[in-house]
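# Secondary and tertiary structure notes
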Amino acid sequence: GMLVLGSTFLALQTKQDSTTGRNFILKRTIEIIADKPFIGYGGNVFEQVYMSHQQEFFSTNPDSSNAWLADNIKHPLNEFFFLWVNYGSIPPLLLFVYFIFLIVYLSSRPMRLSIVVLFVFCMFSYPLHYPLSWVLVFCSLFLVLRNSVGSYKYCGWCVILLIVSRGALNLPFDILMSQAKDYTIRGGHSHALISYKKLLDISEHISFSLKICTSAQ
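Residues numbered from 1 in each chain as written. Predicted model: local features only at pLDDT ≥ 70, side-chain atom pairs only at ≥ 80, totals over all residues. Heavy atoms only, no water.

## Describing the overall build of the chain
Assigned secondary structure in the chain consists of nine helices and zero strands. Starting at the N terminus and walking to the C terminus, you meet the elements of the chain as α-α-α-α-α-α-α-α-α. Buried positions account for 33% of the 217 residues belonging to the chain. Once local pairs closer than 6 in sequence are excluded, the contacts in the chain between residues at least 24 apart make up 61%. Accessible surface computed for the chain: about 13600 Å², of which carbon and sulfur atoms make up 67%. (Helix = DSSP H or I, 4+ residues; strand = E, 2+ residues; numbered from the N terminus. Buried < 20%, exposed > 50% of the residue type's maximum accessible area, 1.4 Å probe, protein only. Contact = heavy atoms within 4.5 Å. Areas by Shrake-Rupley, 256 points an atom, 1.4 Å probe, with all protein chains shown as cover.)

And the structure:
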C-alpha cells in the first residue's frame, strides 16, 4: 500500500504540468460542488456544468496563467468528485464506505492490495469507467460474502450481487450511448463516432473477461 502511494506521489511530482492541470480542474470542481453540495446537478452533466463554470472563471480572470488549460474537460480525474457533481454527496460517500469495507474484510492479500490500488487511482483518474474495474470490485465482494454468510443466505446474496453488477456493467454503455446520441443531435458526428468506438472497445473487454472466467472454471 505504501509502495502504491509513494509511486503515485512521485509520478505527480515529476509531471509538474500534469499536476498543475489536475489542481486547476479539482479547484474548479470543488467550487462547483460547493454550490450544490447535497443534491448535485443531475445525472451525467459534469462536462456541461464544468465547461460553463470554467468559461465563467476565465471571463472574470482573463489574465490567469492557467488559460492554456481551457480545454473540453469531461472528467475531474477523481471518481468521487465526478459522482458528487452528478448525483450529490451520498453516492461518493457510499463508494468510499464500500471501498473501506472491502479493504477491511477481504482475507485475500492480493485482492486487498488490488482494491487499495483501485481506490488510490479513483482519486487521480477514472478507472470505474472501465468494466474490468467493476469485475474486480464485485469479485472482491463475492469473496467477502462467501466468507461471512451462511450457505442459505449465500445464494440470495449472489443473486443480489449479479443484479447489481449487471447494472454497474451497463452504466458505461448508458453514459456513452447518451453522449453519442447527444453529439449526433448537435451535429458533432466525429465525437459521436468516438463514443461509438468506445462502446465497441468496452464490448470487446467484457467478451475477453468472460472468456477468462469460462476457461478458469
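## Observations concerning the packing of helix H4 (residues 79–87) against helix H5 (residues 90–105)
Angle between the axes and distance between the axes are the two parameters that describe a pair of packed helices. Where H4 contacts H5, the axes come no closer than 8 Å and their chain directions differ by 150°. Contacts between H4 and H5 involve Phe-80, Leu-83, Trp-84 and Tyr-87 from the former and Pro-91, Pro-92, Leu-95, Phe-96 and Phe-99 from the latter. Considering only residue class, the contact of H4 with H5 consists of nine nonpolar, no polar and no charged. (Axes fitted to C-alpha atoms, helices over the stretch in contact; angles between N-to-C directions. Nonpolar A, V, L, I, M, F, W, Y, C, P; charged D, E, K, R; others polar.)

## Considering a nonpolar patch on the surface
Taken together, Leu-93, Phe-96, Val-97, Ile-100, Phe-101, Val-104 and Tyr-105 make up a surface patch of nonpolar side chains, about 660 Å² in accessible area. Along the chain, Leu-93 falls in helix H5. (Patch = residues over 30% accessible without salt bridge, like charges linked within 9 Å, V, L, I, M, F, W, Y side chains within 5 Å. Salt bridge = Lys/Arg side-chain N within 4 Å of Asp/Glu carboxyl O.)

## Considerations on the nonpolar core
Across soluble globular proteins, you tend to see nonpolar side chains buried next to one another. Membership of the largest hydrophobic core comes to 17 residues, with the highest contact counts inside it found for Phe-80, Phe-99, Leu-102, Leu-106 and Leu-128. Secondary-structure elements contributing two or more residues to this core are H5, helix H6 (109–122) and helix H7 (131–148). Ranked by residue count, the leading element in this core is H7, at six residues. In this view, Leu-102 contacts Ile-115, Val-137, Ser-140, Leu-141 and Val-144; residues no more than four positions away in its chain are not counted. Membership of the second largest hydrophobic core comes to 14 residues, among which are Phe-24, Ile-33, Ile-73 and Val-85. (Core = buried A, V, L, I, M, F, W, Y, C linked by side-chain atoms within 4.5 Å.)

## Quick look at unusual backbone geometry
Although it is not a glycine, Leu-77 sits at a positive phi angle of roughly 60°. Examined against the element boundaries, Leu-77 turns out to sit in the loop between helix H3 (46–60) and H4.

## Describing the confidence of the model for the chain
Here the chain averages 75 in pLDDT, and 62% of its residues register 70 or above. For the stretch residues 7–14, pLDDT sits under 50, and the model shows six contacts to residues farther than four places along the chain or on other chains. For residues 210–214, every residue scores under 50 in pLDDT, and the model assigns this stretch zero contacts once sequence neighbours within four places are set aside. (pLDDT = per-residue confidence, 0-100.)

## Topic: the pattern of salt bridges
Applying the stated criterion across every chain yields a total of two salt bridges. Linking Arg-28 and Glu-31 is a salt bridge whose minimum nitrogen-to-oxygen distance equals 2.7 Å. Taken as a pair, Arg-28 and Glu-31 lie in helix H2 (residues 16–35) at a separation of three residues, close to a single helical turn. Linking Lys-74 and Glu-47 is a salt bridge whose minimum nitrogen-to-oxygen distance equals 3.4 Å. Separated by 27 residues along the polypeptide, Lys-74 in the loop between H3 and H4 and Glu-47 in helix H3 bring together distant segments of the chain. Classification of Lys-74 by relative accessible area gives partly exposed; the value is 36%.

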